Amino acid sequence: MRWRRSTGVRSLYLRIYLTVVVVLLVFALIAAVLFRRHAAAEETRFESAVLERTRTMAALIERSLPPASAPEDTQREVLLDWSRQLKLPLALDDASGRRIAESEPYRRILEDRARPESEIALASRLPDGRVLWTLKIRFKGFKGGGPPGSGPGHEHGPRGEGGPPRLPPINGPGPLDRIGLGGPGLLDEATGVLLLLAALFTAITLGAYPVVRRLTRRLEILQRGVEVFGSGRLSHRVDARGEDEVAAVARSFNQAAQRIEDLVRSNRSLLANASHELRSPLARLKMAVSMLDPADPAQQEELRREIDRDIRELDELVEEVLLASRLDARSDMQPELVDLLGLLVEEAARVGAEAGGQEVQVLGEERLLRRALRNLLENARRYGGDEVSADVGTLPDGRIEISIRDRGPGVPAEFRERIFEPFYRLPGHAERAGGVGLGLSLVRQIAERHGGRVRCEGREGGGTCFVITLPSPMLGDDAPAPGRHSG
């Protein structure tokens, strides 16, 4: 199974890498085809221009040749003179087809080519029947069929170093060089472009591999981290360094893993503490039931009251454990505007406490907010004596603050944070004093679900003050969204 997973990741980076390579290859092929077509069009234009100039020069030579009646030596001398001046291989036949004169380059090219003369030279018939042969100047580019310097279409003589085929050099540059049709040809340009494309293809292919491999290696590390976490090591986290999408996924995983670890730890602690807390009322209940029959009527009445208290304690414990579990499990909430002052006054009346303050509204669940206020008020009445007061108001920044005060013995500063832990009781606090140790923990959970927090403070003159701070519904995007735990 592990090999298959590794193969899947490996095939991912291979697919990404091969996609890059194929795209580059297709681009290079399309570029080569387009350049080939462009080069072929340029060759045709070049050859047409050269052929037109060749015909023009042939017509000029025709007008300058001596008549057919002139001595052959004179005709030969004039022809060779024009060949030298124009740097153009020429030949001349009489009316019967007999060769009168030909330049040395013309004769050499004709001997080197095993092809008919009419294919490599342009024949111009003079009015007196003579035929002037002018070598055709062609460009050996993409349209040629053989290697440079040989084969069909190469009628230019030896190839110049690093350049296209050229006319045999006679006495310096020829007229085609002067008019701009000579010099480096399209073959060298095409070769250079193709080599550039090949170099670009190779560079990007080699450079893309480490980039793609680094990306997929980070995904492999993330995969292994998920596997380790899934195997039961809930404290394991992955490397979330960086600012790209992979780092964002890693950070999201770490946040989810932390949340899962906290939930599992909380549930384990809740289960262990609930099991412990259930033993005491169950043991008292079992003992009271066993003593009920042999007891006298007065003792039976006292035992029944004891049984009722134990049953209420069990009922309260189960209810609060279930509520705590639901708060941990649920992430959604249907918020509504709740009148906090009216809610506080109602709950304060239940325990005989004084309540007042501003009429404010908060966005949340009325049932949960009522439970938080009830827990704090009952806790203040249980441990704080008769002097219990509560009020609600707004802070300068718009947040809402609920304060519940008593005149009890107070909570030492070192325990003011721990009292919000599930099932935690202050040292020396007896179980018979009432409560199961979940009330304040539920208050904290409810406050955090509404985007707020709760704290315990000392009260001047003695006693304790519990303060719940909630975001105002008018704070907008800056307030934590209800239903999410604040950090």
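For the structure itself, look to the data block above.
Notes on the structure in this doc start here. All values derive from a computational prediction rather than experimental measurement. (Residues numbered from 1 in each chain as written. Predicted model: local features only at pLDDT ≥ 70, side-chain atom pairs only at ≥ 80, totals over all residues. Heavy atoms only, no water.)

**Concerning the overall build of the protein**
Helix and strand content of the protein: 11 helices and 11 strands. Considering the protein as a whole, with its 487 residues, one finds that 40% of them fall into the buried category. Pairs at least 24 apart in sequence give 64% of the contacts found in the protein among residues at least 6 apart. Total accessible area on the protein is roughly 27,200 Å²; 57% of this is exposed by carbon and sulfur atoms. (Helix = DSSP H or I, 4+ residues; strand = E, 2+ residues; numbered from the N terminus. Buried < 20%, exposed > 50% of the residue type's maximum accessible area, 1.4 Å probe, protein only. Contact = heavy atoms within 4.5 Å. Areas by Shrake-Rupley, 256 points an atom, 1.4 Å probe, with all protein chains shown as cover.)

**Quick look at helix α2 (residues 72–86)**
Since one α-helical turn is 3.6 residues long, residues separated by three or four positions face the same way. With 15 residues, α2 should reach 21 Å at 1.5 Å per residue; the first-to-last C-alpha distance of 21 Å fits that figure. When α2 is considered as a whole, its buried residues turn out to be Q75, L79, W82, S83 and L86. The arc that holds the buried residues of α2, viewed along the axis, is 100°, so those residues lie on one side. Away from its buried face, by an angle of more than 90 degrees, α2 presents the exposed residues D73 and E77. Within two residues after α2, K87 carries a phi angle of roughly 55°, on the positive side. (Expected span 1.5 Å × (residues − 1). Arc of directions from axis to C-beta.)

**Thoughts on empty space enclosed by the protein**
Taken as a whole and assessed by the stated rule, the structure comprises two cavities of 30 Å³ or more. The space that makes up the largest cavity amounts to roughly 60 Å³. Of all the elements in the fold, those that place two or more residues in the lining of the largest cavity are α10 (366–384), α11 (439–449) and β11 (464–470). Looking at side-chain class alone, the lining of the largest cavity contains 10 nonpolar, no polar and no charged residues. Here the second largest cavity is characterised by a volume of approximately 30 Å³. Residue lining of the second largest cavity: L24, F27, A28, L197, L200 and F201, and that is the complete set. Where the lining of the second largest cavity is concerned, the elements lending two or more residues are α1 (2–64) and α6 (186–230). (1 Å grid on protein atoms, 1.4 Å probe; cavity = no way out; pocket = protein on both sides within 12 Å on 5 of 7 lines; lining within 4 Å. Points joined across faces, edges and corners; volume = space filled by probe spheres on them. Nonpolar A, V, L, I, M, F, W, Y, C, P; charged D, E, K, R; others polar.)

**Quick notes on the pairing of strand β1 (residues 90–93)**
Neither face of β1 is left uncovered, since the one carrying L90 and L92 and the one carrying A91 and D93 both have all their residues buried. Relative to strand β4 (residues 131–135), β1 runs antiparallel, the two sharing four bridges. The residue bridging D93 from the neighbouring strand is V131, located in β4. As paired strands, β1 and strand β2 (residues 99–102) are joined by three bridges and run antiparallel to one another. Looking at the pairing, D93 lines up with R99 of β2. Hairpin remark: β1 followed by β2, antiparallel, with five residues in the connecting loop; positive phi at G97, about 95°. (Pairing = 2+ DSSP bridges.)

**Section: the packing of aromatic side chains**
Here the structure, examined in full by the defined rule, presents two aromatic pairs. On the basis of an interplanar angle of 85° and a centroid distance of 6.2 Å, the ring pair of F420 and F466 is categorised as edge-to-face. With F420 in the loop between β9 (400–406) and α11 and F466 in strand β11, the pair connects residues that are 46 residues apart, well separated along the chain. F420 gets classed as buried once you look at its relative accessible area, which sits at 2%. You can call F466 buried: its relative accessible area is 3%. (Phe/Tyr/Trp six-rings, centres within 6.5 Å; stacked < 30°, edge-to-face > 60°.)

**Details of the sheet that holds β2**
Spatial ordering of the open sheet is given by β2-β1-β4-β3, a layout of four strands whose pairing is antiparallel. The sheet terminates laterally at β2 and β3 (121–125), the two strands that pair on one side only. Strand-to-strand, the axes of this sheet are offset by a mean angle of 20°, without reference to chain direction. α2 rests against β1, β2 and β4 of the sheet, and its axis sits at about 30° to β2. Its contacts with the sheet put helix α3 (residues 104–112) on β1, β2, β3 and β4, and the angle it makes with β2 is roughly 105°. (Axes fitted to C-alpha atoms, helices over the stretch in contact; angles between N-to-C directions.)

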